[in-house]
Amino acid sequence: MKTPAYYDAVPSIVMVDPLAQILGSAEDGLLDYRYIDAVKLTGHSCPTVAGAWLMTRAALAQLYPGGTPRRGDIRVELRQPLDEGVTGVVASVAALVTGAANAGGFKGLAGQFGRKDLLQFAVPMDGDIRFTRTDTAKSVAWVRRGFPAPRSAALAQLMRDALARRAPEDARRAFASAWSAWVAQLLQPGGESEWVAVATR
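This report concerns the structure included in the present document. Since this is a predicted model, take the numbers as computed values, not measurements. (Residues numbered from 1 in each chain as written. Predicted model: local features only at pLDDT ≥ 70, side-chain atom pairs only at ≥ 80, totals over all residues. Heavy atoms only, no water.)

Assigned secondary structure in the protein chain consists of six helices and seven strands. Tracing the protein chain from N to C terminus, the helices and strands come up as β-α-β-α-α-β-α-β-β-β-α-α-β. Taking 17 Å as the expected radius of gyration for a compact globule of 201 residues, we find that the protein chain reaches 18 Å, a close match to that expectation. By principal-axis analysis of the C-alpha atoms, the protein chain measures approximately 55 × 40 × 30 Å. (Helix = DSSP H or I, 4+ residues; strand = E, 2+ residues; numbered from the N terminus. Rg over C-alpha atoms; globule rule 2.2 N^0.38 Å.)

With that out of the way, let us pick up helix α6 (residues 169–186). End to end, α6 covers 26 Å across 18 residues, agreeing with the expected 26 Å (1.5 Å per residue, within 8%). When we look at burial in α6, the residues that qualify are A171, F175, W179, W182, V183, A184 and L186. (Expected span 1.5 Å × (residues − 1). Buried < 20%, exposed > 50% of the residue type's maximum accessible area, 1.4 Å probe, protein only.)

It is worth spelling out the nonpolar core at this point. Y35, W53, V76, I129 and F131 are the most contacted members of the largest nonpolar core, which has 50 residues in total. At eight residues, the largest contribution of residues to this core is made by helix α3 (residues 47–63). (Core = buried A, V, L, I, M, F, W, Y, C linked by side-chain atoms within 4.5 Å.)

Going through the model one piece at a time under the given rule, you end up with 10 salt bridges. Across the pair D17 and R71 runs a salt bridge, and its minimum N-O distance is 3.1 Å. With D17 in the loop between β1 (13–16) and α1 (18–22) and R71 in the loop between α3 and β3 (74–78), the pair connects residues that are 54 residues apart, well separated along the chain. In this structure D17 comes out as buried when scored by relative accessible area, which is 3%. (Salt bridge = Lys/Arg side-chain N within 4 Å of Asp/Glu carboxyl O.)

As a further point, take the packing of α3 against α6. α6 packs onto α3 with a crossing angle of 20° between their chain directions and a minimal axis gap of 9 Å. Relative to α6, α3 is oriented roughly parallel. For the pair α3 and α6, the sense of crossing is right-handed. In this structure, α3 contributes P47, A50 and L54 to the contact, and α6 contributes W179, W182, V183 and L186. When its residues are assigned to classes, the contact of α3 with α6 shows seven nonpolar, no polar and no charged. (Axes fitted to C-alpha atoms, helices over the stretch in contact; angles between N-to-C directions. Parallel < 35°, antiparallel > 145°, perpendicular 65-115°, else oblique. Left-handed = near helix turned anticlockwise from the far one by under 90°. Contact = heavy atoms within 4.5 Å. Nonpolar A, V, L, I, M, F, W, Y, C, P; charged D, E, K, R; others polar.)

Moving on to a nonpolar patch on the surface. A cluster of nonpolar side chains, namely I22, L23, F106 and L109, defines an oily patch on the protein surface of about 380 Å² accessible area. Examined against the element boundaries, I22 turns out to sit in helix α1. (Patch = residues over 30% accessible without salt bridge, like charges linked within 9 Å, V, L, I, M, F, W, Y side chains within 5 Å. Areas by Shrake-Rupley, 256 points an atom, 1.4 Å probe, with all protein chains shown as cover.)

Another aspect to go through is the packing of aromatic side chains. The full count for this structure, using the stated rule, is five aromatic pairs. Their ring planes at 90° and their centres at 4.9 Å tell us that Y6 and Y7 sit as a pair that is edge-to-face. For the pair Y6 and Y7, one class covers both residues: buried. Look at Y35 and W53: their rings are 6.2 Å apart centre to centre, the planes differ by 80°, and that puts the pair in the edge-to-face class. Of this pair, Y35 sits in helix α2 (residues 35–42) while W53 sits in helix α3, and the two are 18 residues apart along the sequence. Relative accessible area serves as the criterion here: at 0%, Y35 is assigned to the buried category. The class of W53 is buried, set by a relative accessible area of 0%. (Phe/Tyr/Trp six-rings, centres within 6.5 Å; stacked < 30°, edge-to-face > 60°.)

Right under this line is the structure:
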């Protein structure tokens, strides 16, 4: 599997999952999530996936300062319905890392390790997404303000060329290369985020 080099430069997210530990799925329950995992889940890399990854990582750092976040112990709530805009994509990335699941999620073992109903949509809040620790009720909400690096006119034209019926392979490759460069720019360390933290409690 050959992927763009910038994937490897994106900071990973280390979680401890008590369920993985008790079932022997990972030593000490430690799971190392990488950006490529989000790409595999969604099937692509784009500004939405990249922004959701960085925002989830930052939210967990705020909820567990100096510690390792506990997968399965975090509630994720979104203001918009599941089928609104890119809400489902953002939720997928957040759920991958946190373990939060909707009504179809894992129900638990002996009353422990449940992830069912930890992912909720259409929740009134200040912000667009909120992460809450189930053990302490500490939470942080974020608002999505749009892409800090807008798509250029040149990239838009390359997209049209690549998506045209019977587009030549060189047009598809040119667009893929330019698209990857754009997303890589959004993932640069210290870059301006698409998401802003708006409330913590």
